[in-house]
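# Remarks on the overall topology
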Amino acid sequence: LGFYPSFNANEFAKPISQKRYDALNSDENGAPLFNRAIAATYPTGSTFKPITAMAAMEEGVISPTTTLIDNGEFKLGDQVRKNAKDASYGALQLPRALTVSSDVFFYQLGEALNGKGPVLQEWAHRLGLGRKTGIDIPGEFPGLIPDRAWRDKGYDEYLKCTKKAHVTPGTTQALYASG
């Protein structure tokens, strides 16, 4: 995604018609005036890895020299997660895991942190995620740090929806009826 304007900013150097202004705000045109950098909600992706690393070190889960094995996939229950492009990095310590951006290494850290309670979410909050930056730009969205309460609330809403739609939770019908 590019965050450069998809319109000519010089249009605002002189009066602009309401019709043109509405077109620049229209979802049909991709809402070019919508400031995606501060108001859109995107997953943090790999930018969250240093936060996970810091939390794991501060909580005593690892040190910079702890070695974890990245065999290319991480299994949790019936879910399997892999590195980008199915990469496998073998034995890794934190500096190298950050360098190669090993998803599997950080899934392992996340799993270890999860055993200590919501410490990863707490560290994310401490570092400013989940709240506005305070910069003077209107429309900033604070973001979200998913936690158990957020997940449980969403699941309760899903169950209510499936009940109202008279479908069985976990089925394809429920997916279409309740998302």
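The present account deals with the structure reproduced in this document. What you see is a predicted model; the values in this text were computed from it and never measured.

## Topic: the packing of helix α3 (residues 49-58) against helix α6 (residues 119-126)
- It is at 9 Å that the axes of α3 and α6 come closest, and there the two elements cross at 115°. Taken together, the axes of α3 and α6 lie roughly perpendicular to each other. Two packed elements cross with a definite hand, and for α3 against α6 that hand is right-handed. Side by side, α3 and α6 meet where I51, T52, M54, A55 and E58 of the first sit next to L120, W123 and A124 of the second.
- Residue classes in the contact of α3 with α6 are distributed as six nonpolar, one polar and one charged.

## What about the packing of aromatic side chains?
- Taken as a whole and assessed by the stated rule, the structure comprises three aromatic pairs.
- Measuring from centroid to centroid gives 5.6 Å for F74 and Y107, while their planes differ by 35°, and the two rings are tilted. With F74 in strand β2 (residues 73-76) and Y107 in helix α5 (residues 103-114), this residue pair connects regions lying 33 residues apart in the sequence.
- Residue Y107 is classed as partly exposed on the basis of its relative accessible area of 29%.
- It is R126 that lies over the ring of W123; its NZ or CZ is 4.1 Å from the centre.

## Section: unusual backbone geometry
- A positive phi is found at K85, a non-glycine position, where the angle reads about 55°.
- With respect to the helices and strands, K85 occurs in the loop between β3 (79-82) and β4 (90-92).
- On the basis of relative accessibility, which here comes to 85%, the residue K85 falls in the exposed class.
- Phi angles above zero are rare outside glycine, and S101 is one such case at about 60°.
- The topology assignment puts S101 in the loop between α4 (94-100) and α5.
- With relative accessibility at 28%, the residue S101 sits in the partly exposed group.

## Remarks on the packing of α3 against α5
- Interhelical geometry of α3 versus α5 gives an angle of 45° and a closest axis separation of 10 Å. Taken together, the axes of α3 and α5 are oblique relative to one another. Of the two possible hands of crossing, α3 and α5 adopt the one that is left-handed. In contact with K49, T52, A53, A55 and A56 of α3, α5 contributes D103, F106, L109, G110 and L113.

Scoring rules and cut-offs
- Residues numbered from 1 in each chain as written.
- Predicted model: local features only at pLDDT ≥ 70, side-chain atom pairs only at ≥ 80, totals over all residues.
- Heavy atoms only, no water.
- Axes fitted to C-alpha atoms, helices over the stretch in contact; angles between N-to-C directions.
- Helix = DSSP H or I, 4+ residues; strand = E, 2+ residues; numbered from the N terminus.
- Parallel < 35°, antiparallel > 145°, perpendicular 65-115°, else oblique.
- Left-handed = near helix turned anticlockwise from the far one by under 90°.
- Contact = heavy atoms within 4.5 Å.
- Nonpolar A, V, L, I, M, F, W, Y, C, P; charged D, E, K, R; others polar.
- Phe/Tyr/Trp six-rings, centres within 6.5 Å; stacked < 30°, edge-to-face > 60°.
- Buried < 20%, exposed > 50% of the residue type's maximum accessible area, 1.4 Å probe, protein only.
- Lys NZ or Arg CZ within 6 Å of the ring centre and 35° of its normal.

Functional significance is not addressed by these values, which are geometric in nature.
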